[in-house]
Amino acid sequence: MTLAVSDFEHICRVVREESGIVLEAGKEYLVEARLAPVLRERNLASYAELAAELRTKPRGPLTVAVVEAMTTNETTFFRDVTPFEVLRTKVLPELFAARPNGPLTLWSAACSSGQEAYSVAMMLRENFDDASRARVEIIGTDIDAKVLARAREGRYSQIEVNRGLPAAYLLRYFAKDGMHWVLREDVRRQVEFRAMNFVGEWRGAPFADVILLRNVLIYFDQPTRQRIVSRMERQLNRGGYLMLGSTESLQDVDTRFDRVELGRGVVYRLPG
Ligand SMILES: C[S@@+](CC[C@H](N)C(=O)[O-])C[C@H]1O[C@@H](n2cnc3c(N)ncnc32)[C@H](O)[C@@H]1O
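Everything numeric in this text was worked out from a predicted model, so none of it was measured. Every chain is numbered on its own, with residues counted from 1 as its sequence reads. Only residues with pLDDT of at least 70 are given local features in this predicted model, and only at 80 or more are side-chain atom pairs given and counted; all residues enter the totals for whole chains, interfaces and linings.

Enquirer: Before we go on, may I ask you to explain the domain arrangement of the chain in this structure?
Expert: By convention, interface size is frequently given as the accessible area that disappears when the constituent parts associate. Domain boundaries shown here were taken from an automatic or database domain assignment. Structurally, the chain comprises domain 1 (5-70) and domain 2 (82-269). Taking the mean C-alpha position of each, domain 1 and domain 2 sit 29 Å from one another. Contacts between domain 1 and domain 2 engage five residues on the former and 11 residues on the latter. Ten residue types, Ala, Val, Leu, Ile, Met, Phe, Trp, Tyr, Cys and Pro, are classed as nonpolar, four, Asp, Glu, Lys and Arg, as charged, and the remainder, Gly among them, as polar. For the side of domain 1 that touches domain 2, the per-class residue count stands at two nonpolar, two polar and one charged. What counts as a contact is two residues whose backbone-derived C-beta atoms lie within 7 Å of each other.

Enquirer: I keep staring at the packing of helix 1 (residues 5-19) against helix 3 (residues 47-56) and nothing clicks. Help me out?
Expert: Geometry of a packed helix pair, given as the angle between the helix axes and the separation of the axes. Note on method: axes are straight lines fitted to C-alpha atoms, helices fitted across the in-contact stretch only, with angles between N-to-C directions ranging 0 to 180 degrees. Numbering of helices and strands starts at the N terminus; helices are DSSP runs of H or I of at least 4 residues and strands are runs of E of at least 2. Relative to each other, helix 1 and helix 3 sit at 45 degrees, their axes nearing to 10 Å. Classified by the interaxial angle, the pair formed by helix 1 and helix 3 is oblique. Handedness of the helix 1/helix 3 crossing: left-handed. Contacts from Asp7, His10, Ile11 and Val14 in helix 1 reach Tyr47, Ala48, Ala51, Leu54 and Arg55 in helix 3. For the contact of helix 1 with helix 3, the residue count by class is six nonpolar, one polar and two charged. Oblique is the label for every angle not falling under 35 degrees (roughly parallel), over 145 degrees (roughly antiparallel), or within 65 to 115 degrees (roughly perpendicular). A clockwise turn of the near helix away from the far one marks a right-handed crossing, whereas an anticlockwise turn of less than a right angle marks a left-handed crossing.

Enquirer: Sorry, what's going on with helix 3 here?
Expert: Residues spaced three or four apart along an α-helix face the same direction, because each turn holds 3.6 residues. Every buried residue of helix 3 is accounted for by Tyr47, Leu50, Ala51 and Leu54. The buried residues of helix 3 occupy an angular sector of 95 degrees when projected down its axis, which confines them to one face. Those residues of helix 3 that are exposed and angled more than 90 degrees off the buried face are Arg55 and Thr56. Here a residue counts as buried when 20 or more other C-beta atoms fall within 10 Å of its C-beta, as exposed when 12 or fewer do, and as partly exposed in between; the C-beta atoms come from the backbone. What the arc covers is the set of directions going from the helix axis to the C-beta atoms.

Enquirer: Help me understand the sheet that holds strand 6 (residues 191-195), please; the structure alone is not making it clear to me.
Expert: In a beta sheet, neighbouring strands are held together by backbone hydrogen bonds and run either parallel or antiparallel to one another. The strand order across the open sheet formed by seven strands is 6-2-1-7-8-10-9, and the pairing between neighbours is mixed. The two strands at the open ends of the sheet, each matched to only one other strand, are strand 6 and strand 9 (258-262). Shown here is a sheet whose adjacent strand axes are inclined to one another by a mean of 25 degrees, direction ignored. Any two strands between which DSSP finds at least two bridges are classified as paired. Sheet topology places strand 2 (residues 136-142) next to strand 6; five bridges connect them, and they run parallel. Pairing of aspartate 142 across the sheet is with alanine 195, part of strand 6. Running at roughly 165 degrees to strand 2, helix 6 (residues 115-127) makes contact with strand 1 (104-109), strand 2, strand 6 and strand 7 (208-213) of the sheet. Most of the contacts of helix 8 (residues 145-153) go to strand 6, to which it runs at about 165 degrees, and overall it touches strand 2 and strand 6.

Enquirer: Honestly, the environment of glutamine 115 in this entry has me stumped. Any pointers?
Expert: Note that glutamine 115 resides in helix 6. Classification of glutamine 115 as buried rests on a count of 24 C-beta atoms within 10 Å. Remark: the alpha-carbon pair of glutamine 115 and serine 19, spanning 96 residues in sequence, is separated by 22 Å. Excluding its chain neighbours within four sequence positions, the residues that come into contact with glutamine 115 are Thr75, Thr76 and Phe77.

Enquirer: I would appreciate a short explanation of helix 12 (residues 222-235) in the present structure.
Expert: Counted at 1.5 Å a residue, the expected span for helix 12 with its 14 residues is 20 Å, and the 20 Å between its end C-alpha atoms agrees. Those residues of helix 12 that sit buried are Arg225, Ile228, Val229 and Met232. Down the axis of helix 12, the smallest arc covering the buried residues is 95 degrees, so these residues share one side. Opposite the buried face of helix 12, at more than 90 degrees from it, the exposed residues are Pro223 and Arg234. In a helix, the anticipated span is given by 1.5 Å times the number of residues less one.

Enquirer: Would you mind showing me how to read the environment of isoleucine 143 here?
Expert: Here isoleucine 143 lies in the loop between strand 2 and helix 8. Given 22 C-beta atoms within 10 Å, isoleucine 143 falls into the buried group. A sequence separation of 34 residues divides isoleucine 143 from alanine 109, and the C-alpha atoms of the two residues are 9.6 Å apart. Contact partners of isoleucine 143, with chain neighbours within four places excluded, come to Ser19, Thr71 and Asn197.

Enquirer: It is not clear to me how the site of the ligand should be interpreted in this structure. Could you clarify?
Expert: Any residue whose C-beta atom, as placed from the backbone, lies within 6 Å of a molecule or strand is termed near it. As a structural note, the neighbourhood of the ligand is formed by 25 residues, with Thr71, Thr75, Ala110, Ser112 and Asn215 the closest of them. Here the shell around the ligand spans two domains, and each of domain 1 (5-70) and domain 2 (82-269) adds at least three residues to it.

Enquirer: Explanation requested: the packing of helix 2 (residues 28-41) against helix 4 (residues 61-70) in the structure shown.
Expert: The interhelical angle for the contact between helix 2 and helix 4, taken along N-to-C directions, is 140 degrees, at an axis separation of 9 Å. Classified by chirality, the crossing of helix 4 by helix 2 is right-handed. Facing helix 2, whose interface residues are Arg34, Leu35 and Val38, helix 4 presents Ala65, Val66, Ala69 and Met70. For the contact of helix 2 with helix 4, the per-class residue count stands at six nonpolar, no polar and one charged.

See the structure below:
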């Protein structure tokens with residue numbers, strides 16, 4: 001079954017309009033591989049049939065399924081290690097001291113299946129007293145309802161818990177359930193997951209003191225990155241921090257953020 005050029009172009013246009021994700025020429029193999037399960041689930045005979053339905057029913061359930069299939073949800077617990085060290089040793093102690101009584105909000109934006117948000121929740125339990133930990137609200141958002149449902153469940157495969165999670169944390173915070181591991185309820189309760197699209201209306205976007213916006217800007221073009229980062233400036237409280245993925249930077253966007261090297265990490269601080 002092949003994907004005609006006009007159908008590929010239409011699918012790319014829909015994905016870009018709905019999510020901002022850019023799929024360039026040469027990514028036909030990716031579109032075919034990701035959409036093959038969608039064809040099967042919906043009894044569609046071909047990519048041509050899928051593209052035709054997208055044309056006749058724009059914004060229908062098939063559009064949602066196509067966008068979700070085209071998101072890359074790759075994530076791990078404590079991904080890249082350093083950002084969590086920077087949070088533990090620099091960012092959170094500074095924010096706790098600056099706001100001795102107030103609550104702090106940490107936003108895992110584009111949280112995928114929740115490992116990033118839950119890594120922060122476990123790190124807080126390991127390193128801060130109960131009173132400090134209780135002051136931190138953690139919000140995870142993503143465009144993809146499927147990964148959000150998984151995140152809320154806090155249920156991970158053996159392969160997923162083998163990636164980045166210290167063995168001691170697995171034993172302390174997870175219970176075995178058949179072939180899976182389920183995160184303790186009190187840790188799950190510290191994180192609230194919400195649906196939010198960066199190219200939508202930003203309903204559900206929190207005002208935060210720390211925003212983790214990691215490994216997602218790479219999927220967008222420059223104007224979209226600019227709009228998202230400018231909006232993030234408005235969602236951050238003064239003196240707050242934005243943290244990007246290890247290969248990402250704000251080099252090609254115009255911002256008010258100061259680039260700050262903290263330990264071995266780089267963070268972006270909103271002047272306070
Ligand atoms: C590669 S994962 C990154 C997960 C995590 N932040 C990390 O670094 O491990 C990228 C996530 O961005 C989400 N995403 C893609 N486009 C989005 C959009 N327009 N709005 C919100 N989330 C989006 C995807 O659904 C996916 O879960």
